[in-house]
Structure formats: structure tokens, C-alpha cells
Amino acid sequence: MSKFMNAVVLTIFASSVLFAQAPAAAIKRTADGKPDFSGIWQGGGISASGTTANIVPAGGAAAPAGRGGGAGAAGAAGARGAAGAAGAAGARGATAQPGALPTQPPMQPWAAEKSQKMKNIDDPTVHCLMPGVPRVVGMPFPLEIIQTPNKIVILYEAFRTFRVIPTDGKKVGGEAAPSFNGDSVGHWEGDTLVVDVTNFNGKIWGPGNMKVTSDKYHVVERYTLVGDTLEYRVVIEDPGVLTGPFSPNPTILRRPPETRIMEYECIENNINLSSIVQ
């Protein structure tokens, strides 16, 4: 073998060894050592696409650049991109959560039949009601996480929703009426934030084809910082509707370039709703 070929082989071997031994990228941490989730995140849509968002494809129109004020399936898809409002079930290029849990809701027969008969106009978000958890996470709108040593606040642009999540394992004090977002209690398991969410009002849709929920709807969220992305996984239970728990495909949240939380006025474009949403 020539000296040149020997040099090439040696270079490739050395490069592969260095690559194999390279440590994983360190994640940003807060002063108390927890992973730092602070900042703007987004699972899809125009703001997450960067400079290529408004390029017009051959024979087609560019995606709308404004946020708009539309509601539900129509508004969510047209405001921040064409990602739609499928929620956590619409993860981009993610793999299913390990384990035996199904990724689609195992619904009781009556719930499956009712969900099949429901139309887009039956979606609560079409009527400007909050999408609930986890649907709001996967919508193509940015969200902002504000992190403190004892609580995390999440501000969602979509439907002007916000959540206050204590991270010391204790519930927020005061009245706890059933709600669209439920009550969240968080704690840390290593570098993963685990949030237990209960006390829903039974008026929201779940992920995928789960268009019925009850007041027994229960969500466990897991937030894990992976490099510069935030992996979001959930396990959902609802004994009033489902035959068992399920875990939709994870949503991968990224840091969108040059964007911020903006006003979202759902009712503004909801004129003559019955003619534009079926």
C-alpha cells in the first residue's frame, strides 16, 4: 500500500476514534443545576422554519406569513404555518415512545362511535375555547417558558393560554375548579421535568382522533432537554372514555429564529363560522 493510502487510512481511523469519544453537547443549566428550559419554543409552523418559510414553491403559493386570528383547525393551520392543530400526536420525525403503550387512543366503543361522527365545527377550539393539554403544545404557534427555582410558567400564543407549574411537588393554593388546562403539579426526575395534570372539565378534545374526554382525563407530561431541542412526551389516561392509557408520538420543540409571543385574538376571524368550517 502506498504512503498516501496509509496516511488516508490513518486519518480516517483517527477521525472515527475522536468522533466516537466526543462527549455529548452539554445542556444549558440554571444556577440551581436544573436544565434551563427558559425561552421561546415551537413545534412547527412558519416561525420554526426560519428563512425558508416564505419561499414560494413551484406552482404553489407561499404559506401565509401573519399569525392571523382564526380559530381551531382553520386558524391554527393558517396562522403560523401549515402544521395544523393535531397537537402532540403530530410530532415531526419523532419515534414512538418506548414501551407497550399504544400511540393512538384505545377508546371505548361509544366514545369511538361519537368521535367518528364529530366534525371540525364540533372542535372546541373552532369556537375559541382553549385546546387543553397536550393539544396546545403541538400547535404551530410559539410558547415561552419562564423558569424559576420553584415554578415554571408557560405562556402559549395560541388562545392566550398560560399555565403555572410548581416544581416542588405541591399544588398551587386557592380554588381548584375544573378547567380546560387542568391543575399541574411538577417535580424533577434527574434532568426530566415530570408534570402531573388533573382536574380537567371534560370539554376538550384529546390528541389524534380522541374527540371526547371526561372529567377523569389525566395527563402526565415529561419535558427533557436534548441538546438545543426540548422533547415532550405524554401518557394519557381517561377511564371514562378510554379502555387504557396511551402515549402519542413525542413532540420535538425547537427554538424558532427571531420570533416572540404575539397577540392571538381568536374571535376576530370567526365571522360566519358555519360557512368556513364544516
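Attention in this report is confined to the structure presented alongside it. Predicted model only: the values in this text are computed from it and were never measured.

**Some details on the sheet that holds strand 1 (residues 39–41)**
And step 1. Pairing is antiparallel in the open sheet, where 4 strands are placed in the order 1-2-3-4. Two strands in the sheet have a free side with no partner beyond their single neighbour: strand 1 and strand 4 (162–166). Each neighbouring strand pair of the sheet contributes to a mean axis angle of 20°, computed without reference to strand direction.
And step 2. Direction of pairing for strand 2 (residues 143–147) relative to strand 3 (residues 151–156): antiparallel, over a ladder of 5 bridges. Residue pairing across strands places Leu-143 opposite Tyr-156, the latter belonging to strand 3.

**Looking at the state of the cysteines**
And step 1. Under the counting rule described, the total for this entry stands at 1 disulfide.
And step 2. Covalent S-S linkage joins Cys-128 and Cys-266, the inter-sulfur distance amounting to 2.0 Å. When the S-S torsion is -85°, as for the bridge of Cys-128 with Cys-266, the disulfide is left-handed. You can see Cys-128 sitting in the loop between helix 3 (109–117) and helix 4 (135–138) and its partner Cys-266 sitting in the loop between strand 9 (251–254) and helix 5 (273–276), a full 138 residues away along the chain.
And step 3. Residue class for Cys-128 comes out partly exposed when judged on its relative accessible area of 23%.

**Concerning the environment of Cys-266**
And step 1. In this structure Cys-266 comes out as buried when scored by relative accessible area, which is 6%.
And step 2. Taking the C-alpha atoms as reference points, Cys-266 and His-127, separated by 139 residues in sequence, lie 8.3 Å from one another.

**What to know about the pairing of strand 2**
And step 1. Here strand 2 shows one buried face, formed by Leu-143, Ile-145 and Gln-147, and one open face, formed by Glu-144 and Ile-146.
And step 2. Examined bridge by bridge, strand 1 and strand 2 share 3 bridges and lie antiparallel to one another. Within the sheet, the bridge partner assigned to Trp-41 lies in strand 2 and is Leu-143.
And step 3. Taken together, strand 2 and the strand that follows it, strand 3, pair antiparallel across an intervening segment of 3 residues.

**Topic: empty space enclosed by the protein**
And step 1. On inspection of all chains with the given rule, the structure shows 1 cavity of 30 Å³ or more.
And step 2. In terms of residue class, the lining of the largest cavity is built from 7 nonpolar, no polar and no charged.

**What about the layout of surface pockets?**
Leftover empty space is mapped by rolling, across the atoms, a probe with the size of a water molecule.
And step 1. In this model, the largest pocket occupies a volume close to 430 Å³.
And step 2. Residue lining of the largest pocket: 18 residues in total, with Val-164, Val-172, Gly-182, Asp-183 and Ser-184 positioned closest to the centre.
And step 3. Within the residue set of the lining of the largest pocket, elements represented by two or more residues are strand 4 and strand 5 (183–189).
And step 4. Residue composition of the lining of the largest pocket, grouped by class: 8 nonpolar, 6 polar and 4 charged.

**Here's the deal with the nonpolar core**
And step 1. With 43 residues, the main nonpolar core has Phe-37, Ile-145, Ile-154, Val-219, Tyr-223 and Leu-230 as its most contacted residues.
And step 2. Listed by contribution, the elements that provide at least two residues to this core are helix 4, strand 2, strand 3, strand 6 (192–198), strand 7 (218–226) and strand 8 (229–237).
And step 3. Here the element with the most residues in this core is strand 8; it accounts for 4 residues.
And step 4. Excluding its chain neighbours within four sequence positions, the residues that come into contact with Phe-37 are Ile-145, Gln-147, Ile-152, Trp-188, Asp-191, Leu-193, Tyr-223, Leu-225 and Leu-230.

**Comments concerning a nonpolar patch on the surface**
And step 1. Residues Phe-162, Val-164 and Val-172 make up a contiguous nonpolar surface patch of roughly 270 Å² in combined accessible area.
And step 2. Within the secondary structure layout, Val-164 lies in strand 4.
And step 3. On the basis of relative accessibility, which here comes to 33%, the residue Val-164 falls in the partly exposed class.

**Looking at the sheet that holds strand 7**
And step 1. Strand order in the open sheet formed by 5 strands is 5-6-7-8-9, and the pairing between neighbours is antiparallel. Edge positions in the sheet fall to strand 5 and strand 9, since each of these pairs with one other strand and no more. Put simply, the sheet's adjacent strands are angled 20° from each other on average, direction ignored.
And step 2. Relative to strand 9, strand 8 runs antiparallel, the two sharing 4 bridges. Counted as the bridge partner of Thr-229 is Arg-254 from strand 9.

Cut-offs and rules
Residues numbered from 1 in each chain as written. Predicted model: local features only at pLDDT ≥ 70, side-chain atom pairs only at ≥ 80, totals over all residues. Heavy atoms only, no water. Pairing = 2+ DSSP bridges. Helix = DSSP H or I, 4+ residues; strand = E, 2+ residues; numbered from the N terminus. Axes fitted to C-alpha atoms, helices over the stretch in contact; angles between N-to-C directions. Disulfide = S-S within 2.5 Å. Buried < 20%, exposed > 50% of the residue type's maximum accessible area, 1.4 Å probe, protein only. 1 Å grid on protein atoms, 1.4 Å probe; cavity = no way out; pocket = protein on both sides within 12 Å on 5 of 7 lines; lining within 4 Å. Points joined across faces, edges and corners; volume = space filled by probe spheres on them. Nonpolar A, V, L, I, M, F, W, Y, C, P; charged D, E, K, R; others polar. Core = buried A, V, L, I, M, F, W, Y, C linked by side-chain atoms within 4.5 Å. Contact = heavy atoms within 4.5 Å. Patch = residues over 30% accessible without salt bridge, like charges linked within 9 Å, V, L, I, M, F, W, Y side chains within 5 Å. Areas by Shrake-Rupley, 256 points an atom, 1.4 Å probe, with all protein chains shown as cover. Salt bridge = Lys/Arg side-chain N within 4 Å of Asp/Glu carboxyl O.

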